[in-house]
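# Working through the structure, step by step
Residues per chain are reported as follows:
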Amino acid sequence: MIWDTHAHLNDRQFDVDRDEVIERARQGGVTTIINIGDSEATSRQAVSLAAKYPFIYASVGVHPHEAKNCNEETWTNLSRLAQNPKVVAWGEIGLDYYRNLSPRDVQRQVFIRQLELADEMGLPVVIHDRDAHGDILQILKKHPPQAGGVFHSFSGSWEMAKELLSLGFYLSFSGPLTFKNNRKTVEVATNIPEDRFVVETDCPYLTPEPYRGKRNEPLYVNQVINKIAELKGISTEKAALLAVENSRRLFRITK
Ligand SMILES: [Zn+2]
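Predicted model only: the values in this text are computed from it and were never measured.

### Quick word on the packing of helix H7 (residues 183-191) against helix H8 (residues 221-232)
- For the pair H7 and H8, interaxial distance at closest approach is 9 Å and the crossing angle is 70°. In this view, H7 runs roughly perpendicular relative to H8, as classed from their interaxial angle. The element H7 and its partner H8 pack so that their crossing is right-handed. Contacts from Val186, Ala189 and Thr190 of H7 reach H8 at Ile228, Leu231 and Lys232.
- Of the residues that constitute the contact of H7 with H8, the class distribution is four nonpolar, one polar and one charged.

Laid out in structure tokens, this is it:
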């Protein structure tokens, strides 16, 4: 039993075979999927898909790329969606200084606003951090999320990881952990305490080895678990069990 804690099943790349992709994941032992919103539209779609499948949960939120398109109405609508019992997190939110698709000051405002909304709704946050470690840390220290949160597809150093762990965050690993020469992430996954990691695909992006170059899908979270088991010198079953226990605690899912 394995959970994919971060999938974008509403991506257009799944329009042709979404139900088959979900079925394939189930057949391959993926028992729960958290489908992530990254705009008002995909948050709404994530909640709809969660209504269709008992083992799929949703998050709502606006990605930093979309920050420039938000207004008060966005927050009203997302807060309403977040009341749905299948919504288990607010995100993905954060800062992206790599692509800069929204102005940085707008990204920061929108990030802080959503940290406040997550607190109001009592939800943990899912954080996207790309080349913005310094500003993210500064903001989180000023606005520590009350229900905690996770850094998804964590790509930082072990130094950064230690700081986030001390602030109570979980770290999530995805396909890049399986890439050759990814020493930084390997070091983090090797050293992270057993009670603080979760796994994800971030599909359709970040496809793990040996499927690199193809579309990613929830089934391939197996590759990430295999790699963690190898690094920690434990069985795949044990690694999967730890990740599931951690995911339950993080997202407060008891089923
Ligand atoms: Zn994502």
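### Some points on the sheet that holds strand E1 (residues 2-7)
- Strand order in the open sheet formed by eight strands is E1-E2-E3-E4-E5-E6-E7-E8, with parallel pairing between adjacent strands. The open sheet has two edge strands with one neighbour each: E1 and strand E8 (197-199). Shown here is a sheet whose adjacent strand axes are inclined to one another by a mean of 30°, direction ignored.
- Seen against the sheet, helix H2 (residues 40-52) touches strand E2 (30-35), strand E3 (56-60) and strand E4 (87-96) and runs at an angle of roughly 160° to E3.

### Looking at the pairing of strand E7 (residues 170-173)
- Burial of the side chains of E7 extends over both faces: Tyr170 and Ser172 are buried on one face and Leu171 and Phe173 on the other.
- Relative to E7, strand E6 (residues 149-151) runs parallel, the two being bridged by two bridges. Residue pairing in the sheet places Val150 in a bridge with Tyr170 of E7.
- Two strands pair when backbone bridges link them, and E7 and E8 are joined in this way by three bridges, in the parallel orientation. Bridged to Ser172 within E8 is Val198.

### A short note on helix H3 (residues 72-82)
- Three or more residues of H3 are buried, namely Leu78, Leu81 and Ala82. What you see down the axis of H3 is that its buried residues fit within an arc of 95°, all on one side. Exposed positions of H3 whose direction lies more than 90 degrees from the buried face are Glu72, Glu73, Thr76 and Arg80.

### Re the environment of Asn182
- Within the secondary structure, Asn182 sits in the loop between E7 and H7.
- Residue classification places Asn182 among the partly exposed residues on the basis of 16 C-beta atoms within 10 Å.
- As for Asn182 and Ser155, which are separated by 27 residues in sequence, their C-alpha atoms are 9.5 Å apart.
- When residues no more than four places from it in sequence are discounted, the contact partners of Asn182 are Pro176 and Leu177.

About the thresholds
Residues numbered from 1 in each chain as written. Predicted model: local features only at pLDDT ≥ 70, side-chain atom pairs only at ≥ 80, totals over all residues. Axes fitted to C-alpha atoms, helices over the stretch in contact; angles between N-to-C directions. Helix = DSSP H or I, 4+ residues; strand = E, 2+ residues; numbered from the N terminus. Parallel < 35°, antiparallel > 145°, perpendicular 65-115°, else oblique. Left-handed = near helix turned anticlockwise from the far one by under 90°. Contact = placed C-beta atoms within 7 Å. Nonpolar A, V, L, I, M, F, W, Y, C, P; charged D, E, K, R; others polar. Pairing = 2+ DSSP bridges. Buried ≥ 20, exposed ≤ 12 C-beta atoms within 10 Å, placed from the backbone. Arc of directions from axis to C-beta.

The values reported here are purely geometric and, on their own, carry no functional implication.
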